[in-house]
Amino acid sequence: MQNLRDLDKEALLAQMEAFGQPAYRAGQIFKWVQKTGAACFAEMTDIPKILRAQLAGRFTLSAPQLLRRQIARDGTRKYLWGFSDGNCVESVLMRYTHGYTICISTQVGCRMGCVFCASTIGSKIRDLTPGEILEQIIFTAKDAGVQISNLVLMGTGEPLDNYENVVQFLRLVHDRDGQDIGLRHISLSTCGLCDRIRELAALNLQITLSVSLHAPNDMLRNQIMPVNRRWPIRELMAACSDYIAQTNRRISYEYALIRGFNDSIDCARELTALLQGTLAHVNLIRLNPITESPLKPSTPQATQAFCDYLNMHGVTTTVRRRLGFDIDASCGQLRRKYQQNKEEGADR
Ligand code: SAH
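Definitions and cut-offs
Residues numbered from 1 in each chain as written. Predicted model: local features only at pLDDT ≥ 70, side-chain atom pairs only at ≥ 80, totals over all residues. Heavy atoms only, no water. Near = heavy atom within 4 Å. Polar contact = N/O pair within 3.5 Å; in protein donor to acceptor, adjacent residues only side chain to side chain. Areas by Shrake-Rupley, 256 points an atom, 1.4 Å probe, with all protein chains shown as cover. Nonpolar A, V, L, I, M, F, W, Y, C, P; charged D, E, K, R; others polar. Pairing = 2+ DSSP bridges. Helix = DSSP H or I, 4+ residues; strand = E, 2+ residues; numbered from the N terminus. Axes fitted to C-alpha atoms, helices over the stretch in contact; angles between N-to-C directions. Contact = heavy atoms within 4.5 Å. Buried < 20%, exposed > 50% of the residue type's maximum accessible area, 1.4 Å probe, protein only. Right-handed = clockwise from strand over helix to strand, strands pointing away. Expected span 1.5 Å × (residues − 1). Core = buried A, V, L, I, M, F, W, Y, C linked by side-chain atoms within 4.5 Å. 1 Å grid on protein atoms, 1.4 Å probe; cavity = no way out; pocket = protein on both sides within 12 Å on 5 of 7 lines; lining within 4 Å. Points joined across faces, edges and corners; volume = space filled by probe spheres on them. Arc of directions from axis to C-beta.

Let us look at the site of the ligand. The environment of the ligand is formed by 18 residues, the closest being Phe116, Ser189, Ser212, His214 and Asn288. Glu158 has a polar side-chain atom sitting 3.1 Å from a nitrogen atom of the ligand. Within the backbone of Asn288, a nitrogen or oxygen atom sits 2.8 Å from a nitrogen atom of the ligand. In the complex, 95% of the free accessible area of the ligand, which totals 540 Å², lies under the protein chains. Grouping the amino acids of the shell around the ligand by side-chain chemistry returns 8 nonpolar, 8 polar and 2 charged.

Below, the discussion takes up the sheet that holds strand 12 (residues 251-257). Read across the sheet, 10 strands follow the order 3-4-5-6-9-10-11-12-13-14 without closing on themselves; strand pairing throughout is mixed. Strand pairing shows two members of the sheet lacking a second neighbour, strand 3 (65-71) and strand 14 (317-319), which therefore form its edges. Neighbour to neighbour, the strand axes of the sheet diverge by 25° on average, direction disregarded. Examined bridge by bridge, strand 11 (residues 208-212) and strand 12 share 3 bridges and lie parallel to one another. Among the inter-strand pairings, Val211 is bridged to a residue of strand 12, identified as Tyr253. Where helix 9 (residues 233-247) meets the sheet, its contacts fall on strand 11 and strand 12, and the angle it forms with strand 12 comes to roughly 145°. Contacts from helix 11 (residues 300-312) reach strand 12, strand 13 (280-286) and strand 14, with the element oriented near 175° to strand 13.

Let us look at the pairing of strand 12. The buried fraction of strand 12 amounts to 7 of the 7 residues, a majority that puts the element mostly inside the structure. The parallel pair strand 12 and strand 13 is bridged by helix 10 (residues 265-275), and the resulting crossover is right-handed.

So, about helix 4 (residues 130-144). Helix length check: helix 4, at 15 residues, gives a terminal C-alpha distance of 22 Å against a target of 21 Å (1.5 Å per residue), a fit within 8%. Among the 15 residues of helix 4, 12 are classified as buried, and the element is accordingly described as predominantly covered. Taken together, the buried positions of helix 4 are Pro130, Gly131, Glu132, Ile133, Leu134, Glu135, Gln136, Ile137, Ile138, Phe139, Thr140 and Ala141. Phi for Gly145, located one or two positions after helix 4, is positive at around 65°.

Our next topic: the nonpolar core. Leu4, Met44, Leu55, Leu151, Phe169 and Tyr253 are the most contacted members of the largest nonpolar core, which has 98 residues in total. Judged by nonpolar contacts, the second largest core, of 9 residues, contains Ala72, Met94, Ile327 and Ala329.

All right, on to the layout of surface pockets then. One simple way to see leftover space: roll a probe sized like a water molecule over the atoms. Taken as a whole, the second largest pocket encloses approximately 300 Å³ of empty space. Around the second largest pocket, the lining comprises 15 residues; the ones closest to its centre are Lys35, Ala141, Gln147, Ile148 and Gln179. Here the element with the most residues in the lining of the second largest pocket is helix 4; it accounts for 4 residues. Across the lining of the second largest pocket, the residue classes break down as 6 nonpolar, 6 polar and 3 charged.

The next point concerns helix 11. Taking 1.5 Å of rise per residue, 13 residues should cover 18 Å, and helix 11 covers 18 Å from first to last C-alpha, within 8% of that figure. By the burial criterion, the buried members of helix 11 are Thr303, Phe306, Cys307, Tyr309 and Leu310. When helix 11 is viewed along its axis, its buried side chains cluster within an angular range of 160° and face the same direction. For helix 11, the exposed residues lying more than 90 degrees away from the buried face are Gln301 and Met312. Buried residues along helix 11 sit in contact with strand 12, helix 10, strand 13 and strand 14.

Written out as structure tokens, the structure is:
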């Protein structure tokens with residue numbers, strides 16, 4: 001059965017017609033499911049029992065189980081959510097001066113195989129549905145008692161490898177009667193699936209596209225990102241330039257600085273040549289070490305020098321703050337720690 005939370009207003013409207021119910025019920029149900037975050041049909045108190053029974057006969061209404069909540073010294077919270085089939089994903093809630101940002105997952109695991117990232121260990125198990133992607137926002141906001149204003153699709157999974165569901169999710173999450181998060185407050189990060197970048201461009205959404213670049217040439221990028229063999233840098237840059245032409249939006253490039261690998265001034269020079277004159281912003285991330293990999297973060301000095309070089313040569317660059325490091329909630333540290341966490345249960 002389909003999850004009621006996967007449905008947009010149009011689909012709900014069609015369903016009401018099929019049930020022989022008045023159209024305004026679609027709006028009511030949409031609010032219960034998408035905004036209030038009803039966890040079961042019984043919560044929908046202003047929906048007649050007969051309609052609730054019709055819904056229950058045709059749909060499920062999933063609500064993830066809170067398996068674990070960790071709170072970092074800087075206030076960042078990491079949640080482990082369990083779905084009814086036993087799979088689980090992590091989401092991270094971060095507090096900035098301008099409000100709360102949530103980082104959500106789009107797949108259980110990931111099949112992209114980047115060597116520095118914990119999310120890809122064990123490959124992909126399955127895609128999340130649009131409703132499951134949404135539930136991370138709804139139930140995190142409820143648990144923390146906060147309003148979430150910004151969204152980054154930078155948790156576990158490759159969003160563009162779950163393209164249809166992610167696009168449907170974007171439609172749902174920015175609906176005024178739902179979570180009402182503006183597209184300009186949403187960043188979607190990809191390791192560079194060029195065909196999908198072009199499809200996304202054609203939708204002309206006002207989201208921010210982040211591209212995980214991490215190396216200025218194919219020789220280096222091939223060593224850390226298998227996706228580069230399918231979509232090398234020249235093709236990636238062509239897709240990015242099409243994206244900009246179509247949407248007029250600046251692209252954000254993520255570059256994790258790995259000690260002695262991609263952090264030299266020569267690399268900064270190559271990166272400058274690649275991006276100079278394009279609508280770009282570079283986000284430098286000091287590599288977050290994971291136990292399975294020998295790669296180390298660049299020193300703070302090398303990070304600063306790399307950042308200064310790019311800025312001095314006309315490529316706008318910032319260094320990303322590292323939030324939630326002590327609870328493994330930083331970039332690349334999210335993983336499917338299923339067994340271990342399930343046994344520990346939710347804690348504070
Ligand atoms: N699959 C998407 C979404 C993941 S976003 C993508 O690749 O963009 C998470 C970001 O953190 C990506 O830029 C990813 O490359 C980066 N990342 C992964 N592991 C990291 C690590 N160990 N240290 C720093 N950044 C890392």
